[in-house]
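Examining the three-dimensional arrangement
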Amino acid sequence: MDAVMKENYSEKIFLETETDTIEGVIIDSSDDKKFTLTKVVRYPSGEEYDGVYHYCKDEVKNVCVLKYINSGNEIICGNSSDANHFLTGEEYDRLIALARDTVFIDCTNSLFGEAIETINKETIIGIDAKGVSHGRQSDIELFSIYTRSSIYQFDILKLGRKAFDSGLRTILNGTIVKVIHNSRLLSDCLYHQYSVKLENVFDTQVGELMVERNVTGKIPDYVCNLKECVNIFLGVPSSLVHSSQDDAMWSVRPLTPSVMFAAARDVVFLLALQERIEARLLSRLKKGTELFLTLVRDSENDEANFYIGRNHLVPKQFLEFEFIDV
């Protein structure tokens, strides 16, 4: 652990303890007994602290480091072997800044109209809803949409069905790709309570299942929740994601900044997660295509002639190909 600290001076670091996760920037790791950090944020609360803080090394259970591009674009997180797909420090900082500066909408005024108009210009969005743990028997309390440049939080507890009648339904029924983690109960709730039939959905929970099948050859018995997926694919500690649907905190009004920030963190990682999962799912196709492109092209003349008239056959090289996910 000490070696990791010394190699990552001035990088984004997460210290995971039994009770919480500390985010900060390393300014001193020379002491054998403590880490010295600045720009500290404590999760899951998301509370920020000014100044310099010291943390006992004996209390740290795991360390994650996100490196910035100008430091080599390398990322270290525990024992992960898939580091090249994780978030960079810049990506993380940008996403968290968006999550702290959401657009909160609780009436169908000009701000609502502008939000709907802006969202409709997107080709892909992330979606999260709070209060849908009982499916069609639920009433959505808070509905969040992430558009790479903004996070819109619609107070459905106050807006009610009118939010969907005034524009959200068109978005959810339309051609925009909606990235959702575990769409089952949300789809049920939207369909039966708000007359919304979700279309063009990329479910990251389904994506993770397919990646797992590609790696192990079988579908696991249990799904990965959002906390687990964010950690597996993005290298972000799971405690940064709230992901609970039935907490009473979502129904209390007014919503506090910390609650809004927690909800925003549940949606802001979705598009990055979708990109990593899609890349993993397409990796085998790309490998197979590369084999087809080079199979005849790079062979000697006699071997190339052998393939003439045999386009109806699956090449033996393809059958023997090791389609290992990376």
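Our structure's up above, just so we're on the same page.
A brief report on the enclosed structure follows.

**Overview of the sheet that holds strand β9 (residues 142-146)**
Hydrogen bonds between backbone groups are what pair the strands of a sheet, and the pairing can be parallel or antiparallel. Spatially, β7-β10-β9-β8-β11-β12 is the arrangement adopted by the six strands of the open sheet, whose pairing is mixed. Strands at the two margins of the open sheet, each flanked by one partner only, are β7 (103-105) and β12 (201-203). With direction set aside, neighbouring strand axes in the sheet form an average angle of 25°. The sheet contact formed by β9 and strand β10 (residues 151-154) spans four bridges and is antiparallel. Note that in β10 the partner of Ser144 across the bridge is Gln153.

**Some words on the pairing of strand β11 (residues 177-180)**
In terms of strand pairing, strand β8 (residues 124-130) meets β11 through three bridges, oriented parallel. Counterpart to Ile124 in the pairing with β11 is Val177. Relative to β12, β11 runs parallel, the two sharing three bridges. Opposite Ile180, over in β12, you have Asp203 as the bridge partner.

**Regarding the packing of aromatic side chains**
Scanning the entire structure with this criterion turns up eight aromatic pairs. Pairing Tyr43 with Phe261 gives two aromatic rings, centres 6.5 Å apart and planes at 40°, and the pair type is tilted. Placement of Tyr43 in strand β3 (residues 34-43) and of Phe261 in helix α9 (residues 257-268) is noted, with a sequence separation of 218 residues between them. According to the relative accessible area criterion, Tyr43 is buried, its value standing at 0%.

Parameters and conventions
- Residues numbered from 1 in each chain as written.
- Predicted model: local features only at pLDDT ≥ 70, side-chain atom pairs only at ≥ 80, totals over all residues.
- Heavy atoms only, no water.
- Pairing = 2+ DSSP bridges.
- Helix = DSSP H or I, 4+ residues; strand = E, 2+ residues; numbered from the N terminus.
- Axes fitted to C-alpha atoms, helices over the stretch in contact; angles between N-to-C directions.
- Phe/Tyr/Trp six-rings, centres within 6.5 Å; stacked < 30°, edge-to-face > 60°.
- Buried < 20%, exposed > 50% of the residue type's maximum accessible area, 1.4 Å probe, protein only.

As far as function goes, none of this settles anything; it's purely spatial.
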